[in-house]
Amino acid sequence: MSEKYFEQLKNLVSHLPKSKILAGQSKSNGQYKFYLSGKKIGKIDVATTNQDAIIMGDGGTASIAFAKGKYSYSSHNFGFYSSAEYLTTEYIFRTIEQFLPVLNYKGFVGSGIKNIDKKFLFDLYIEKLPLPEQKKIASILTSVDEVIETTQKQIDKLQDLKKATMNELLTKGIGHTEFKDSELGRIPKSWEVKDLASVSPEKGIQTGPFGSQLHAHEYTTDGVPIVMPKDMTPPLVDISNIARIPEHRAIDLSKHRVKKGDILFSRRGDIGRFALMNASSDGWVCGTGCLRVRLKNELVHPFFVAQYLTKDEPKEWLNLNAVGLTMLNLSTSILEGLPLIVPPMKEQMMIVSALQSIDARLSKCHDYLSQTQALKKSLMQDLLTGKVRVQVN
């Protein structure tokens, strides 16, 4: 293998002037890109440069963008570009992008909102690959980025479609011509408004038994999964980091078990946070900090209720009725009074089918996005570390 050559970043770049433009000057319909802190890109009517450059935020967490064409950047960003004929700015950008996790861990200093340690950044070493190889690596990664961007746009469009579809179906229903006033606004004449208690069996709302009385050493990789408020990512439970407890700690907790179709609510703090239990969740335990709701399936479809709960109205109702001075708390009696729209079951099923169809398309897009992001990470590790050398014709 040929000998590798490295040089510190500070010897390879020139810097853009400090910007005086505040982030608040961003416009929704501006003519030029406006790079803000983090990963945000706004719009603005004035372009301050057309220099291809690397734009980074100076506070919070490490963020990076490769800016081309005419653009501006806010006062909370700084920019730099290659001043070496044998290194492209885009190759330097890719090298730093691959290094972002380390920058986040070691490259930020200060208390409160941390700021980037520019000495740490510009003391980094860059491998000097042949120019054609730099361009080839940049081209490969740009192609993957384009797929990621296209997929994200598809996800955004589907999310907009779902939001519009939900708004239409959960207010006007399907094929209705007669409407009535209700405490939840105008609804189809055949719909009802019921409180949560009336669509739950007796004692259908339970609190969770576990929490502070569990010690860290009692959690295990085996045993019974225990769902806590942190696991709620509406409308479903996030199963990626579920904690588990030994079977003997949960053996007498049959009334606290959760199963498919149950809905869990956060009891305190983030009132209105909820999640629907999915098909794999039978036998799990409801943790302290959660309220478990079991529904009468002959009256309401759990997925229909979960979709309704993502709307602003039920969240506002719960926050308005929760109690507490320093932290809001939600009790079973308060939750029982939560008003719901209840269409006939046949119509609920039709609405569920329409929304699940969009969700299925969203799920495929999210899976493809995750796969492409993983591919990019793998390519960066291989190409930017020299583990795999690209062939240049």
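Here, the structure is the one placed above.
Residues numbered from 1 in each chain as written. Predicted model: local features only at pLDDT ≥ 70, side-chain atom pairs only at ≥ 80, totals over all residues. Heavy atoms only, no water.

Another aspect to go through is the nonpolar core. Core analysis: the largest hydrophobic core is formed by 35 residues, its most contacted members being L196, I263, F265, L309 and L335. Those elements that provide at least two residues to this core are α4 (131–169), β21 (263–266), β22 (274–276), β24 (290–293), α6 (302–309), α8 (332–336), β25 (339–342) and α9 (345–383). With six residues, the single largest contributor to this core is α6. Core analysis: the next-biggest nonpolar cluster, separate from the first, contains 31 residues, L121, L124, M380 and L384 among them. (Core = buried A, V, L, I, M, F, W, Y, C linked by side-chain atoms within 4.5 Å. Buried < 20%, exposed > 50% of the residue type's maximum accessible area, 1.4 Å probe, protein only. Helix = DSSP H or I, 4+ residues; strand = E, 2+ residues; numbered from the N terminus.)

Here we take up the sheet that holds strand β8 (residues 77–82). A sheet is described by the order of its strands in space; here four strands give the open sequence β2-β8-β5-β6, paired in antiparallel fashion. At either margin of the open sheet sits one strand with a lone partner, and together these are β2 (13–15) and β6 (64–67). Averaged over all pairs of adjacent strands, the angle between strand axes in this sheet comes to 30 degrees, irrespective of strand direction. One ladder, built from four bridges, connects strand β5 (residues 53–57) with β8; its direction is antiparallel. Directly across from I54, in β8, lies its bridge partner F80. In the packing of helix α1 (residues 89–98) onto the sheet, the strands contacted are β2, β5, β6 and β8, and the crossing angle to β6 comes to about 170 degrees. (Pairing = 2+ DSSP bridges. Axes fitted to C-alpha atoms, helices over the stretch in contact; angles between N-to-C directions. Contact = heavy atoms within 4.5 Å.)

Turning next to the packing of α1 against α4. Across the interface, α1 lies against α4 with an axial gap of 9 Å and an inter-helix angle of 60 degrees. Crossing angle aside, the handedness with which α1 passes α4 is left-handed. Every residue of α4 that contacts α1 at E90, Y91 and R94 is listed here: Q134, A138, L141, T142 and D145. (Left-handed = near helix turned anticlockwise from the far one by under 90°.)

On to the sheet that holds strand β4 (residues 41–44). Strand order in the open sheet formed by three strands is β4-β3-β7, and the pairing between neighbours is mixed. Each having just a single partner strand, β4 and β7 (71–73) make up the two edges of the open sheet. Strand-to-strand twist across the sheet, computed as the mean angle between neighbouring axes with direction ignored, equals 35 degrees. Sheet topology note: the strand β3 (residues 32–35)/β4 ladder contains four bridges and is antiparallel. Along β4, the bridge assignment pairs K33 with K43.

What follows deals with the environment of C365. Structurally, the position occupied by C365 is in helix α9. Residues C365 and T151, 214 residues apart in the sequence, show an inter-C-alpha distance of 6.5 Å. Apart from the residues within four sequence positions on either side, C365 is in contact with T151, Q154, I155 and L158.

This part covers the side chain of E347. Structurally, E347 is set in helix α9. Buried and unpaired, E347 has no salt bridge, with K346 as the nearest side chain of opposite charge at 9.9 Å. Separated by 3.1 Å, the side chains of E347 and W191 make a polar contact. Other than its neighbours up to four places away in sequence, E347 contacts G173, I174, H176 and W191. (Lys, Arg positive; Asp, Glu negative; His and termini not counted. Salt bridge = Lys/Arg side-chain N within 4 Å of Asp/Glu carboxyl O. Polar contact = N/O pair within 3.5 Å; in protein donor to acceptor, adjacent residues only side chain to side chain.)

On to the packing of aromatic side chains. This structure, assessed with the given rule, holds seven aromatic pairs. Considering the side-chain rings of Y35 and Y71, the 5.6 Å spacing of their centres and the 90 degrees angle between planes classify their relative orientation as edge-to-face. Residue Y35 is found in strand β3, and its partner Y71 is found in strand β7; the two are separated by 36 residues along the sequence. Per residue, the accessibility class of Y35 equals that of Y71, and both read buried. Through a chain of ring-to-ring contacts, the aromatic side chains of Y35, Y71 and Y73 assemble into a single cluster. Directly above the aromatic system of F78 lies the positively charged group of K118, at a separation of 4.4 Å from the ring centroid. (Phe/Tyr/Trp six-rings, centres within 6.5 Å; stacked < 30°, edge-to-face > 60°. Lys NZ or Arg CZ within 6 Å of the ring centre and 35° of its normal.)

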